[in-house]
Amino acid sequence: MATQKLSLLLLIVLVAALWLPATSASGPAAAEPAAGPPVGKCALGGCALEGNSDAGKLAELSFAGNATISNGDMLNMWLPDTSASGSTVEEPAAGPPISECATGAFSTEEDFIAHTEPLPYPGNAYVSDGDMLSLAGKVCMRNADLTTAWFGGPVGPDLGLDALDILDIEKPIIAFSTEVDDPKLRFTSGDLLFTPGWAIPNIALVKPFNINWDIGLDGVQFIGKIEYILNFVSSLSDYPRDKFLQDPGLLQTLLNQNKIDIWFTIEGTAAIGSHGQVLDGDLLSAATGTIVVSQAALLPANVPAGLPVRGVDFGLDGVMTPRDPDLALQALRFSTEILYNGETSFTDGDILLLGDGVVTTNSALIQSFHPAADFLGLDALSRGVVPPPPPNAPNIQKLCGAHRSVGEFDGGLSPIDGGGTGLYQGPYGGSDNFNGPVNDPALHDPRGQPCGSYVPVDGFVPHDGSVDSFRVAYRPYPDPYSSTGTYPGIRTKWKLSVWNGTYCTTNNSQLSLETDADGWMDASDWFAAKAGDPPYQGCTNTLLMAVWDTNNNQLWGWNPPNKDGHYILWLEWIDTAGTKHREPVEHHLQLDNTWPSIAPYPHGLQVYVNNPDGSRGTQILGCGSETSGATQFQIWGRFYDAYYSRFSVGITGGGPPTTSASFGTYKWWMPSVSTINQRGTTPTGTTVHLRNVDFSTTLGTSFTRCCYDLNLTVWEATIRHYFDTVSVSPYNYFSTQQNITFGAGP
């Protein structure tokens, strides 16, 4: 074996020497870099050396002025023609066949030689781990094609290919990242690059997670309407990379303005914010700064995925999914960084389905290239631009409102018996339920929000006759899962629209559709009522999967045992053969149906004179009892709520007596008020100093000697909805108030 290796080495050196430039006694002459790689010399066959090669050092074989052969370089072996008719070298294509990747693309973790006819674009059997490959065995773009905007031509250094998302085939516009940094330091391997030559630095992607360093980029997937995504990408011409470096928060602003998101993965682990940590195996949202899918939720429950509870971070390398956020989680495909041999086995080259295991093996993925090996790994992954097929398995997609995806809840997309708080952490939080995404992170409760009252649940059921009935089942956390059909289901009753001879109406309608006592809904009746099919006379109805009366508002006794409990929800269905099924994932949900409480008078709200030295002075008990001339006061209070959000103080009175002023809103996570926490005033059970009020400054000329009304309003964080058995609509957040009167005057 040693003799064969030596002979091969001498052969390479000898052949290379035949076309090396002349050298002087003092060393090799400087050769002009070739205009492009000498791929024609390898058209009849080639080899790539593995490991470090002394042959490269001995022969100083040169391409583009580089005298070293790496394990990714291909050496021409000048093999003779052995075919009967002779072999011809194919003419290079006019351009990369990008359209071959319209249905999806990937890159491998290893370089290889393709054994295909014709040879891969541009007539070269050597395939790099930086090339973009089609699912049908074509090289759609070479690495140099992806980076040509930075290197000015078809020949550039191969920097590898890590993240990948094909946005537009025609132009083309492709988002990607490299394995190594730009030699000229114009971008790093953690930056998100675009083929027109734009770059978003890594620090802008991870800014919402309070990560202030380049932590790398592994996978990327744009989410949202493609026209919005392309508008965002085209706007990047106005935002050079340096602008994002100066203002990393700019990216989050632009994403929210364009109503899109970038899901991505990182190459390291960081302890950040309220999450405690993010892993390189978590799927992250650049727009919301939240974990879309945790490492534990990606893989089946029998795989020890997730730190610290389950024990292993398998990493997250490539990701691809539909851009529609309603379908994205259901159809998410991905690859890991390391393999696993167990009850559910997979390699780091397989394509996996969320929570379910292998859907495409690495050998099946690469077989069209006919490589000499049956495993080459998987690095970049993109679904392409062809519209994906609709999901075919029933699943829950929305909780607690039409805009709130299950993946935006902590534990909202969890493996069976997985963990989570069940609190909403997505963009539709903040100050109210109505005004769309809240773009300012300061408005978001970092702990997350529970749901209460009526909780809408919606998702996907195939309308192909394959489902006989379905239901949303639930159990209290942390009870372990037993078997399908053994738990209670959410019961819902819908009042249906009827034809009154002129139009469809629910007024005085006696027509209804209801689940059975175990929460099962007949699928055919549900679809018919939604579409207005017979016997519903064309009267359509907006029906969800279920609406959970968590507070027993309807007095039907369909509420859960604990109105403030932590529950796990999942979808079950029965097919036409009578077999019961369930989702492979679960959805945690924290309930809260108890309003904030303010301690009874006089403990809940108190007013004191603020002494000149800042100490607490005399308490003012009622109108007329104040010290004349006092203008500055201290406001004290006591309140509690398991999921308290914020408080405000308001004053009415003066001249005219309807003059009013408000002070707040003070959120528990704001450092300006140290006497409140996420459950109200602290220490719990004590009346504490909330704030000072200067009447002369606040009321100006309206400040007269008068009796004033002081109001304390305490809001909860809970997301609630209204349901009249016809439609579901959001409430404003509930609040509790207490008023007292006191006198003041200049």
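Residues numbered from 1 in each chain as written. Predicted model: local features only at pLDDT ≥ 70, side-chain atom pairs only at ≥ 80, totals over all residues. Heavy atoms only, no water.

### What to know about the sheet that holds strand β19 (residues 333-334)
Here is step 1 of the chain: Strand order across the open sheet formed by four strands is β18-β19-β20-β21, with antiparallel pairing between neighbours. In this open sheet, the two strands that pair with only one neighbour each are β18 (319-320) and β21 (357-360).
Here is step 2 of the chain: Summarising the sheet, β18 and β19 pair through two bridges and their orientation is antiparallel. In the sheet register, valine 319 faces β19, and the bridge partner there is phenylalanine 334. (Pairing = 2+ DSSP bridges. Helix = DSSP H or I, 4+ residues; strand = E, 2+ residues; numbered from the N terminus.)

### Side note on the environment of tyrosine 640
Here is step 1 of the chain: Following the sequence through the fold, tyrosine 640 ends up in strand β40 (residues 639-640).
Here is step 2 of the chain: Along the primary structure tyrosine 640 and asparagine 677 are separated by 37 residues, whereas in three dimensions their C-alpha atoms are 9.6 Å apart.

### Let's talk about the nonpolar core
Here is step 1 of the chain: One finds Val293, Leu299, Phe470, Val472, Trp548, Leu569 and Leu589 to be the most contacted residues of the largest nonpolar core, which totals 66 residues.
Here is step 2 of the chain: Considering each element in turn, this core owes the most residues, five residues, to helix α12 (residues 523-531).
Here is step 3 of the chain: Beyond its immediate stretch of four places on either side in the chain, tryptophan 548 contacts Ser453, Tyr454, Val455, Tyr474, Ile490, Trp558, Pro560, Tyr567, Leu569, Leu589 and Leu591.
Here is step 4 of the chain: The next biggest cluster of nonpolar side chains, apart from the first, holds 35 residues, and it includes Ile173, Ile211, Ile229 and Val233. (Core = buried A, V, L, I, M, F, W, Y, C linked by side-chain atoms within 4.5 Å. Buried < 20%, exposed > 50% of the residue type's maximum accessible area, 1.4 Å probe, protein only. Contact = heavy atoms within 4.5 Å.)

### Comments concerning helix α8 (residues 250-257)
Here is step 1 of the chain: When you tally the buried positions in α8, you get six out of eight residues, the bulk of the element.
Here is step 2 of the chain: Three or more residues of α8 are buried, namely Leu250, Leu251, Gln252, Leu254, Leu255 and Asn256.
Here is step 3 of the chain: The elements touched by buried residues of α8 are β13 (198-200), α5 (202-206), α6 (226-235), α7 (241-246) and β15 (261-264).
Here is step 4 of the chain: Just beyond α8, the residue with positive phi is lysine 259, at close to 60°.

### Quick word on the confidence of the model for the chain
Low pLDDT means the predicted coordinates in that region are not meant to be read closely.
Here is step 1 of the chain: On average, residues of the chain score 83 in pLDDT, and 83% of them are at 70 or above.
Here is step 2 of the chain: Within the model, the stretch residues 1-93 combines pLDDT values under 50 with 92 contacts to residues more than four positions away or in other chains. (pLDDT = per-residue confidence, 0-100.)

### Re the sheet that holds strand β22 (residues 381-382)
Hydrogen bonds between backbone groups are what pair the strands of a sheet, and the pairing can be parallel or antiparallel.
Here is step 1 of the chain: Pairing is antiparallel across the open sheet formed by four strands, whose spatial order is β9-β8-β5-β22. The open sheet terminates on both sides in strands that have one partner only, identified here as β9 (139-141) and β22.
Here is step 2 of the chain: Where strand β8 (residues 132-134) and β9 come together, two bridges link them in antiparallel fashion. Pairing of methionine 132 across the sheet is with methionine 141, part of β9.

### Re the packing of aromatic side chains
Here is step 1 of the chain: Within the structure shown, the criterion is met by 37 aromatic pairs.
Here is step 2 of the chain: Ring centres 6.1 Å apart and planes at 40° place the aromatic pair tyrosine 340 and phenylalanine 346 in the tilted group. Here tyrosine 340 matches phenylalanine 346 in class, with each residue buried.
Here is step 3 of the chain: Ring centres of phenylalanine 633 and phenylalanine 742 lie 5.6 Å apart, and the angle between their planes is 65°; on these two criteria the pair is classed as edge-to-face. Of this pair, phenylalanine 633 sits in strand β39 (residues 632-637) while phenylalanine 742 sits in strand β49 (residues 735-744), and the two are 109 residues apart along the sequence. Across the pair, exposure class does not vary: phenylalanine 633 and phenylalanine 742 are buried alike.
Here is step 4 of the chain: In this structure an aromatic cluster arises from ring pairing among Phe633, Phe695, Phe703, Tyr708 and Phe742.
Here is step 5 of the chain: Across the ring face of tryptophan 526, the terminal group of lysine 530 is positioned such that the distance to the ring centre comes to 4.6 Å.
Here is step 6 of the chain: The ring of tryptophan 636 has arginine 616 sitting right over it, with the charged end atom 4.1 Å from the ring centre. (Phe/Tyr/Trp six-rings, centres within 6.5 Å; stacked < 30°, edge-to-face > 60°. Lys NZ or Arg CZ within 6 Å of the ring centre and 35° of its normal.)

### Description of empty space enclosed by the protein
Here is step 1 of the chain: Taken as a whole and judged by the stated rule, the model has two cavities of 30 Å³ or more.
Here is step 2 of the chain: If you go around the largest cavity, the residues you meet are Tyr601, Pro602, Leu605, Gln606, Val607, Gln619, Ile620, Leu621, Ile740 and Thr741.
Here is step 3 of the chain: Contributing elements (two or more residues each) for the lining of the largest cavity: β37 (605-610), β38 (616-620) and β49.
Here is step 4 of the chain: Looking at the lining of the largest cavity, the element that brings in the most residues is β37, giving three residues.
Here is step 5 of the chain: Residue composition of the lining of the largest cavity, grouped by class: seven nonpolar, three polar and no charged. (1 Å grid on protein atoms, 1.4 Å probe; cavity = no way out; pocket = protein on both sides within 12 Å on 5 of 7 lines; lining within 4 Å. Points joined across faces, edges and corners; volume = space filled by probe spheres on them. Nonpolar A, V, L, I, M, F, W, Y, C, P; charged D, E, K, R; others polar.)

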